[in-house]
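Residue-level structure breakdown
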Amino acid sequence: MLRIGIAAIMFVALASTMAQAQYRTWTDVSGKQIKAKFVRIYNGEVVLLSGPTVHRVNWEQLSPADQKWLRNHVPKVDELLKPQANGPTAKPAQGNWLQWRGPSGKNIAPGPAVPTEWDETKNILWRIPLQGRGHSSPIIVGDHLYLTSADEQEQITGVYAFDKQTGELLWQTPVTRGGFQTDVHAKNTHATSTLASDGEKLFALFIENNQVKLVKLDLAGKILWQESVGQYMPQQYKFGYAPSPMLYQDLVLVASEYEQGWLAAFSQADGKEVWRIDRKSTSYSTPIVANINGKDQLLLSGQEKVAGFDPRTGQQRWEAPGTTMATCGTAVWEGNVVYAGGGYPHNPTQTVAVKVGDQAEVLWTSHESCYEQSLLVHDGYVYLMNDKGIFACLNGTTGEEQWRKRLGGNVSSSPLLSGDNIFIANEKGKMFVLKANPEEYEPVAQNQLGDETFATPIVSDGKLYARYADSSSGTRQEFLVCIGEK
């Protein structure tokens, strides 16, 4: 399929911002002035953007000239000024993608299947340029889409909100300023952690001055609290931070694994620590909670093993040997079997299946190396894209190889299942679509997302949302695209 071209993207971006003013001077009733761009009117306030800073100004505080300008340029101003009693709220759960790995925790999308083909005009519903750089996936809460990004030059991280239907930027909130780590792998960013939401609040993780910053925001972008919850100061492998926050009941689960590392849970209400255990070895995986044998289990791979913990207390319930010292992928499960992969440093048992009962039993191991990407398990079979660009299907019970096919290219994003199709992108932006068919490799389509894809796409209501970058103009620019049936 054709590349999503930079010229077409910029046209869409310009068209989407025609209704908004460029930077102009705003004056309040006291005579104070700022140069800013109008963003929107929300919840009785006028939202302005000045560089990375968001200003929220009450209508009554604006000068008569500014009020007149808004009435001339913004339709239905009086309706927009009416306060919304509860602020933005989530739709029913089927439209939400609230955290890393989605509703099921397995990267399997519920609802209608997304289109398998697109190009510069076909099935592109909207496409917008993004500020900064990041590898986090978007999440969806109701009618809004949220993600993180980082301005590496100014050393500012932030959370951004967009209209799910149009891609319009609704607000942006700077979170940390300065304190970026200087030693970060070229394939990592300062905004790699995906947001998590309970449907009413947002939770974000950033690194500032070697501290893990856990941040809670409301759905309008207001920071409710920000806590330094522990250090992240790796000495041997200075690759940067990667795990995403995960929510469980009233807790936020956070991993920070390095020589003096830890795994901990914090109260969603106030960010206070509930429990903490040592994880003193370098790894990058996100913890996730699965219900196995009727018990909620916090799963985490790395340190040459796979382990299960009580998510309420942090007490370890079981562990089994396998994977590698450092893993990035999130553990997956089906029934009472947990699957995990790794790839750094080399280990003969890089992919492992563990049966969880009264004790943990290793069912099988494989030489398949999956360092950055997570596995996909579906209907008794494991699907994976290994570090050499080979896609393979394994029997989930025996580990026997069903088939393998070289697709090519390094891969950092994880496979996604929508309908009966698997979507997997390599780092050069080539998106492969194939059937989840254990009997044979069955290709469906190939599409292009710019020339760089690291973030894993998500799905909501039959639409695919993907973050990617394009450098064809000579300058790297990130984009967010919505793909759906036209």
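What you see is a predicted model; the values in this text were computed from it and never measured.

Criteria and cut-off values
- Residues numbered from 1 in each chain as written.
- Predicted model: local features only at pLDDT ≥ 70, side-chain atom pairs only at ≥ 80, totals over all residues.
- Heavy atoms only, no water.
- Helix = DSSP H or I, 4+ residues; strand = E, 2+ residues; numbered from the N terminus.
- Buried < 20%, exposed > 50% of the residue type's maximum accessible area, 1.4 Å probe, protein only.
- Pairing = 2+ DSSP bridges.
- Salt bridge = Lys/Arg side-chain N within 4 Å of Asp/Glu carboxyl O.

Tracing the sequence through the fold places Thr-166 in the loop between strand E9 (156-163) and strand E10 (169-177). According to the relative accessible area criterion, Thr-166 is partly exposed, its value standing at 42%.

Most of strand E21 (residues 305-309) is tucked away, with five of its five residues classed as buried. Across five bridges, the pairing between E21 and strand E22 (residues 316-321) is antiparallel. Bridge pairing in E22 places Phe-309 opposite Gln-316. Taking the residues between adjacent antiparallel strands as the criterion, E21 and E22 are bridged by six residues, where Gly-314 takes a positive phi near 85°.

Right, let's talk about the pattern of salt bridges for a bit. Scanning the model with the defined rule gives 21 salt bridges in all. The partner of Lys-213 in a salt bridge is Glu-208, and the shortest N-O contact between them spans 3.5 Å. We note that Lys-213, like Glu-208, is buried. Taking the shortest distance from any N to any O, the salt bridge between Glu-401 and Arg-404 comes out at 2.9 Å. Overall, the relative accessible area of 39% leaves Glu-401 in the partly exposed class. Because the salt bridges share partners, they merge into one network encompassing Glu-452, Arg-467, Arg-476 and Glu-478.

The next point concerns the pairing of strand E16 (residues 251-256). Burial within E16 is extensive, with six of its six residues counted as buried. Residues Leu-251, Leu-253 and Ala-255 point to one face of E16 and Val-252, Val-254 and Ser-256 to the other, with burial holding for every one of them. Joining the antiparallel neighbours strand E15 (residues 246-248) and E16 is a turn of two residues, in which Gln-249 adopts a positive phi near 50°. Bridge analysis of E16 against strand E17 (residues 262-267) gives six bridges, and the strand direction is antiparallel. Across the sheet, residue Leu-253 finds its bridge partner in E17, namely Ala-265. Taking the residues that link successive antiparallel strands as the turn, the E16-E17 hairpin has five residues.

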